[in-house]
Every structure is written in C-alpha cells, then in structure tokens.
Amino acid sequence: MPSEHAVRFEGVVRTYRTPTGEVRALRDVTSTLPRGGVSVVVGPSGSGKSSLLRLVAGLDSPTQGSIDVMGIEIGHASSRARRRLRRAAVGYVFQRPSDNLLAHLTVADHLRLASRSVAAAEREVMATAEALGIEHRLDHLPDELSGGEQQRVAVAQALASGASIVVTDEPTAELDSEAADVVLARIADLASRGVTFILATHDRSVMAIADHRLTLDHGVVAGSEPHRRAKVQTPEWTALRWPAAVTPDGPWLGDEDDEPVLTMLGVHKTYGEGQGEVVALDGVDIDVRAGEMIGVVGRSGSGKTTLLNLAAGWDRPDRGTVERPGGADPVWAEVAVVPQHLGLMDELSVRENVEYPARLARRLAEHRPLVDDLLDRLGLTELQHRSPRETSLGEQQRTAVARAVVLAPPLIVADEPTAHQDEGWAAAVLRTLADAVVVGGACVVATHDPDVLGAVDRTIGIADGRLDRD
C-alpha cells in the first residue's frame, strides 16, 4: 500500500561540526508532511529550513532519528541508496539557482538530461520551457541568464524529471512578481495532479498556494498544520551609534540642488557577439542624489543587475559615462555593494566580515560601537564568531548588508537585499539601509519586493535594458 504521507520525521536531530564547534540545526523534529499538494516550511532565517529540505532530498543524513520518504526509511540509508531516491522520486532545487546548473550545458541540454523519457524529451523540454517562460533561452548557457532566469531553469529541470516529490529552497527569491506567478501557477497545477511540493520560503505568495505549513524556530517544530498565515514578528529596533564623522549634518539636508552622487549618461552595455549578442542596457540616463533611496524594478533579465554592476564600478559600459564616488575604481569607503551572491569571506567570522571595510580604511576602532549595533539590529550577535558558511543564507545576506553600511559610504548598491528574509528581518534590512541614507549617503536597490518599493523615495522601471521612470 502506498504511504499516505510524503515525509515523516521521528526525533530528527541534525548537528554540523564546524571549526568553531557544533551547530545544532534541527532539534528533535517529529512531524509529517502530506502526500500531494504543496507544503511550505517557514520560519526565521537560521531556523533550520534548508537543513530539513536537504534531509528530505537525501543530500544529508540526520545525526539522530529517522526520516521516511514515501514509505522508505532514508535517514540512515547509504549514500548510494539516497542517490537512487533522488533519481527516482525526489527532485531538489538548491537555494542558489546557479548551483543546480552546469556551466557548459545549455538550458535545453539541462532539460533533456532531466527528462526520463528520451522519446518524449524534445516535447517535454518545449512544454516545460514555455510553461516557465524560458523558451527563448533554450540555446543559452547558465552564465548568459539572469538570476531569475536561472531560478526558472532550475525549477524546470526538477519538473522535467517527473519526480513525485519536488523539494525547493526559496523558489521565488530571485524572481519578479510576474515570473513568480508563472512558476507558482505551474507548481499549483502539478500539485493538483498529485505531485508533492515541499518548499522552504519567506514569500507570502508561496504561502498563499500552500495546503500545509510546517513552522520551525531555532531548529524546533513550532507548528505543523493546514495552512494559516503565520504572525510576523518584527525585531525591535536598536539605535545605531554612527561615528561623529558621519552624523546627519551633511549639506544635502533640505537642499534639492545638491550634486548627484551617481550619474549615468547614455550608458550602453552588451554581452556576447554576433547572433548571441544580448543588449543588457540601452541608452540609460540616471542620477541619484544624497539622501535618496532609489528602487530599480523590472522582470528577471531586464538589466537590473547590469545597471547595479556598472553603478558599483564592477563593470564598464560599452558607451556612455558613469560618474560615482571614487571614480573608476572606488573603494569600500566610497561605494559599498550588497551583491546577489554576497561575496562573504569564509575564512573570516561574521563579525570580521562586517568589520572588514573599516579595517581596510584603518578606522576600525571608531566604528566598533557601530559594528556592535549592526550585529544586534540584524540578529547576528549570537553568530558573530561563526564562519558565514555556518549560518543560513538569510543570515549571510544580513551580514553583507551590515558590511555595506559600516562605513556609511556615499553610495550603497544593493541587489535584492531582502530576497532571503522573512517579513520581520526584511524590515530590519530596510531600516538599516534607510538609516545609512539618513546620515548622508544614497542607496540604489534592485528588487522585486513590494515592501521595499514602499520604502524607497522613487522608483525606476527597466525593461529590455531601457529605463521608464515612475
């Protein structure tokens, strides 16, 4: 008889050994997830969601306890048996979509290899690609795709495999709302046909399609029930002790005629050559003044990340000019960046990553109180001596935000800074960026998050590399 549940956990403990000791990610988890439909795993960053999903997919084994997947006990199965499970029954989408993809294979190659039926592969490739809006990208390699397009390819790859359980970590984190709606509609349709989806998420739109919700808090089950919207806990604000040199007394306050912090004029940027050429930006003009927080919005692949990379000095335009603090090669004290891939150094602790720009600028002593406040504000104090790899992706993202603001630079460039946060921590991130703007900086944020758009001073839309100001 087939099992009535998709997954059952009994007394599951997951402990990771690290250079600094042990991290207990899951503590005595006992619960079940139903077969068919959509189950969401929710909880604050660092609550154990990703660890739980990795156990379901057989990527890790529990330290203690048992895990039953579709009637098969996999908790202490061999790695070979767990690989067979992934081939036969469980598809997994990593939190970072690029981790699912091989650099030398096209989108079509990934979907063909994932398809179980060779005879039906071509038909399934096109049907899956069209359902997720990536049919125009079939001949492209992963590094030619935006983060959102990579996310859709990763989801498509799992769906093409025909898995009866699809486990996905933050499936909409790098998608704009329109692309997210496409993915979620496809997930809901397949769930109605009997496919089981287990999704870790902070996204309310994902929760809206859920049939069941499992809530984790510091690795402990805080609830397991048919879906009801969870309460959002907003962290209490900690006042930030800015050094005297960056207190809010800059001449820009109340002066609309101040010179822009960032100016782009006639900026054009392409990637590739010949028929493979992609126009990422086409004639972009933009100016950002001190004291402003600007939101850049657009579909995945519209050019947002390219615009931010040019603003930060990480890339050069083919034509046009970009004027920013520090000129062509700014340092941290002039332009700070929160990139999608975060760029934290694993050999440094969380605290040392946050301190790093101040240490480079030889200003660490005067900024230590601010470091303490940022760690407190962003829920990192208890994690400050761990390596970033010993923390969740949401905690790593908050570390990158703290690092970006620690010197109160004239310009902060942030790419999807709330993508891996629940509502409470997203509010803390936004408050932190806003506080940095108040002391005299400017911030350019690429985002899909409506809460971010509600916090910015103005919004610039981008589509096919062209700007449309709001």
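First, a word on what this report is: a plain description of the structure on this page. (Residues numbered from 1 in each chain as written. Predicted model: local features only at pLDDT ≥ 70, side-chain atom pairs only at ≥ 80, totals over all residues. Heavy atoms only, no water.)

1. Focus on the sheet that holds strand 5 (residues 72–73)
In space, the four strands of this open sheet follow the order 2-1-4-5, with antiparallel pairing throughout. At either margin of the open sheet sits one strand with a lone partner, and together these are strand 2 (21–34) and strand 5. Here strand 1 (residues 5–18) pairs with strand 4 (residues 64–69) via five bridges, running antiparallel. Bridging from a neighbouring strand, Val7 pairs with Val69 of strand 4. Its contacts with the sheet place helix 1 (residues 49–56) against strand 1, strand 2 and strand 4, and it is angled at close to 120° to strand 1. (Pairing = 2+ DSSP bridges. Helix = DSSP H or I, 4+ residues; strand = E, 2+ residues; numbered from the N terminus. Contact = heavy atoms within 4.5 Å. Axes fitted to C-alpha atoms, helices over the stretch in contact; angles between N-to-C directions.)

2. A few points about the sheet that holds strand 14 (residues 319–323)
The sheet built from three strands is open, its strands ordered 12-11-14 with antiparallel pairing. The open sheet has two edge strands, strand 12 (278–289) and strand 14, and neither has a second partner. Neighbour-to-neighbour, the strand axes of the sheet open up by a mean angle of 15°, direction not taken into account. Relative to strand 12, strand 11 (residues 260–271) runs antiparallel, the two sharing eight bridges. In the sheet register, Val267 faces strand 12, and the bridge partner there is Val284.

3. Some details on helix 3 (residues 107–114)
The complete set of buried residues in helix 3 reads Val107, Ala108, His110, Leu111 and Ala114. The arc that holds the buried residues of helix 3, viewed along the axis, is 160°, so those residues lie on one side. (Buried < 20%, exposed > 50% of the residue type's maximum accessible area, 1.4 Å probe, protein only. Arc of directions from axis to C-beta.)

4. Here we look at the packing of helix 11 (residues 393–405) against helix 12 (residues 423–438)
At a minimum axis distance of 10 Å, the contact between helix 11 and helix 12 shows a crossing angle of 10°. Of the possible angle classes, the one that applies to helix 11 and helix 12 is roughly parallel. Contacts between helix 11 and helix 12 involve Arg398, Val401 and Val405 from the former and Trp425, Val429, Thr432, Leu433 and Ala436 from the latter. (Parallel < 35°, antiparallel > 145°, perpendicular 65-115°, else oblique.)

5. A short note on empty space enclosed by the protein
The tally for this structure, following the rule as stated, stands at one cavity of 30 Å³ or more. Of the volumes computed, that of the largest cavity is approximately 30 Å³. In terms of lining residues, the largest cavity is bounded by Glu174, Gln340, Gln397, Asp415, Glu416, Ala419 and His420. For the lining of the largest cavity, the class distribution of residues is one nonpolar, three polar and three charged. (1 Å grid on protein atoms, 1.4 Å probe; cavity = no way out; pocket = protein on both sides within 12 Å on 5 of 7 lines; lining within 4 Å. Points joined across faces, edges and corners; volume = space filled by probe spheres on them. Nonpolar A, V, L, I, M, F, W, Y, C, P; charged D, E, K, R; others polar.)

6. A closer look at the side chain of Thr399
For Thr399, the location among the structural elements is in helix 11. Within polar-contact distance, the side chain of Thr399 engages the backbone oxygen of Glu395 at 2.9 Å. (Polar contact = N/O pair within 3.5 Å; in protein donor to acceptor, adjacent residues only side chain to side chain.)

7. Quick notes on the packing of helix 3 against helix 5 (residues 147–160)
One way to put it is that helix 3 packs onto helix 5 with a least axis distance of 8 Å and a crossing angle of 25°. In terms of their interaxial angle, helix 3 and helix 5 are classed as roughly parallel. Of the two elements, helix 3 crosses helix 5, and the hand of that crossing is right-handed. Along its contact with helix 3, which presents Val107, His110, Leu111 and Ala114, the element helix 5 presents Val153, Ala156, Gln157 and Ala160. Here the contact of helix 3 with helix 5 is composed, by residue class, of six nonpolar, two polar and no charged. (Left-handed = near helix turned anticlockwise from the far one by under 90°.)

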